[in-house]
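Inside the fold
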Amino acid sequence: MGLHWGADSLKSLIPDELWAQIQSVQVDPSEPTAEYDCLNFLNAQSGETMATIPVQYFYRLRRDKLRHLLSQGIDVRYGRNMQAIEYAEDGRHATTLCDDGQSITTRLVVGTDGARSTTRQLLLGSSAGRIRYLPYCATFVQASYNAEQARFLRAFHPLYLAGINPAGYFSFFGLHNAEDPAQPESWTFFFYISWHSTLEEQKDTAEWTNAQRLQQVKEFAKTFADPWRSAFEWLEDDHQVWYMNLTDFNPGSRDHRWNNRGGCVTLAGDAAHAMTYQRGQGLNHSVTDAANLAECIRDFVQGRVSQSEAITRYENEMISRAGGEVCLSTTNTEMLHNWEKVLSSPVLNSGLKRNNTAHVG
């Protein structure tokens with residue numbers, strides 16, 4: 001995952017001794033995060049550089065290692081699925097009911113259960129709370145190679161590359177894990193190709209096998225320059241891939257404003273604002289949600305404002321900020337897959353900076 005402008009928010013949420021370990025959860029712990037770096041966008045067909053996007057302190061974090069770091073000292077209970085939320089008559093508490101018969105009563109429920117959030121659907125109903133499927137999809141790969149191949153692939157950039165193919169494809173190539181810099185054969189790379197695919201086509205291919213997904217993306221890769229061409233060509237025919245539809249959810253859209261029940265329940269992260277990933281904004285908005293929500297909780301716990309006022313203030317800011325990014329990221333995705341419009345795309349014009357334009361629609 002990419003963390004850049006949201007780094008200060010994450011830093012504000014954790015003890016100094018945990019932030020001091022942030023280097024240890026990067027894809028290559030031995031590669032210090034540069035204060036100033038560049039994300040290169042290539043013409044993925046010719047291999048020529050199209051644009052160089054400046055980034056400051058671009059942390060490339062391993063999701064599992066970051067989760068382990070952030071869970072230290074926190075009581076995390078896995079394996080429970082929430083089925084319902086009940087609200088006390090006095091409006092001061094909410095009770096979550098789980099599928100194992102257990103329940104938890106609390107002053108505040110925060111749904112952070114991802115893009116297909118159960119909490120969101122409980123608040124808005126199954127129709128309004130549903131994720132929106134977009135006419136784009138992608139196939140992802142994680143793979144390791146022999147030492148010679150690994151060194152060749154990483155020579156293009158030690159951490160990350162983006163590619164735009166005039167044939168209508170977008171692609172990313174990056175390092176996923178390099179615990180031992182001296183053993184290239186142990187490195188894992190992460191890469192994908194995304195493309196325009198109608199909802200009808202997505203439905204018709206929903207039952208495709210792993211072999212079919214891999215063969216499809218290998219054919220796409222034949223129109224690419226390296227590193228994508230070789231990275232896909234060198235995969236075994238039974239290599240595991242992950243196919244997924246692109247989706248979004250804009251909390252600022254009509255009928256998407258939930259009732260927070262006097263500040264007893266709210267949403268954050270992808271549960272509140274699922275967005276496409278070609279502009280690399282999801283994690284940054286999510287940790288900003290957490291930092292802002294923590295500040296609002298502090299205000300009502302210390303009696304400066306009511307709980308209802310604090311949570312509503314959090315939601316208003318979050319919906320304006322992240323709702324605007326949902327729209328911008330979806331527009332960016334559309335333009336990156338259209339060669340005639342790609343040079344006007346937000347990521348090539350605005351880079352990875354935070355979007356400060358609110359959008360409600």
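Provided above is the structure to which this section pertains.
Residues numbered from 1 in each chain as written. Predicted model: local features only at pLDDT ≥ 70, side-chain atom pairs only at ≥ 80, totals over all residues. Heavy atoms only, no water.

Focus on the overall build of the protein chain
When helices and strands are tallied, the protein chain shows 12 helices and 14 strands. In summary, the protein chain has a C-alpha radius of gyration of 21 Å against a globular reference of 21 Å for 361 residues, a match within 12%. Put simply, the protein chain shows about 17,400 Å² of open surface, and 48% of that area lies on carbon and sulfur atoms. (Helix = DSSP H or I, 4+ residues; strand = E, 2+ residues; numbered from the N terminus. Rg over C-alpha atoms; globule rule 2.2 N^0.38 Å. Areas by Shrake-Rupley, 256 points an atom, 1.4 Å probe, with all protein chains shown as cover.)

With respect to the packing of aromatic side chains
Under the defined criterion, the tally for this structure stands at 24 aromatic pairs. With centroids separated by 4.8 Å and ring planes inclined at 40°, the aromatic side chains of Phe58 and Tyr160 adopt a geometry described as tilted. On the criterion of sequence distance, the pair formed by Phe58 in the loop between strand S3 (49-56) and strand S4 (59-60) and Tyr160 in strand S10 (residues 160-165) is long-range, its members being 102 residues apart. Look at Phe58 and you get buried, because its relative accessible area is 8%. (Phe/Tyr/Trp six-rings, centres within 6.5 Å; stacked < 30°, edge-to-face > 60°. Buried < 20%, exposed > 50% of the residue type's maximum accessible area, 1.4 Å probe, protein only.)

Observations regarding the sheet that holds strand S9 (residues 132-143)
In space, the 7 strands of this open sheet follow the order S3-S2-S10-S11-S12-S9-S13, with mixed pairing throughout. The open sheet has two edge strands, S3 and strand S13 (242-248), and neither has a second partner. When strand polarity is set aside, the average angle formed by the axes of neighbouring strands in this sheet is 25°. In terms of strand pairing, S9 meets strand S12 (residues 188-196) through 8 bridges, oriented antiparallel. Paired with Ala143 across the bridge in S12 is Phe189. This element, helix H7 (residues 210-221), spans S9, strand S11 (169-177), S12 and S13 of the sheet and lies at about 85° to S12. (Pairing = 2+ DSSP bridges. Axes fitted to C-alpha atoms, helices over the stretch in contact; angles between N-to-C directions. Contact = heavy atoms within 4.5 Å.)

A short note on a nonpolar patch on the surface
Nonpolar side chains collect at one region of the surface, where Ile74, Val76 and Tyr78 lie side by side and expose about 340 Å² of accessible area between them. Positionally, Tyr78 belongs in the loop between helix H3 (63-70) and strand S5 (82-87). (Patch = residues over 30% accessible without salt bridge, like charges linked within 9 Å, V, L, I, M, F, W, Y side chains within 5 Å. Salt bridge = Lys/Arg side-chain N within 4 Å of Asp/Glu carboxyl O.)

Some details on empty space enclosed by the protein
Evaluation of the coordinates by the stated rule reveals 2 cavities of 30 Å³ or more. If you add up the space inside the largest cavity, you get close to 60 Å³. Taken together, Leu153, Arg154, Phe156, His157, Pro158, Leu159, Tyr160, Leu161, Phe173, Gly174, Leu175 and Phe189 make up the lining of the largest cavity. Those elements giving two or more residues to the lining of the largest cavity turn out to be helix H5 (147-154), S10 and S11. It is S11 that provides the largest number of residues to the lining of the largest cavity, a total of 3 residues. Residue composition of the lining of the largest cavity, grouped by class: 9 nonpolar, 2 polar and 1 charged. Reported here for the second largest cavity is a volume of approximately 40 Å³. Every residue lining the second largest cavity is listed: Cys137, Trp195, Ser197, Glu201, Thr205, Arg213, Gln216 and Tyr243. Residues that form the lining of the second largest cavity fall into these classes: 3 nonpolar, 3 polar and 2 charged. (1 Å grid on protein atoms, 1.4 Å probe; cavity = no way out; pocket = protein on both sides within 12 Å on 5 of 7 lines; lining within 4 Å. Points joined across faces, edges and corners; volume = space filled by probe spheres on them. Nonpolar A, V, L, I, M, F, W, Y, C, P; charged D, E, K, R; others polar.)

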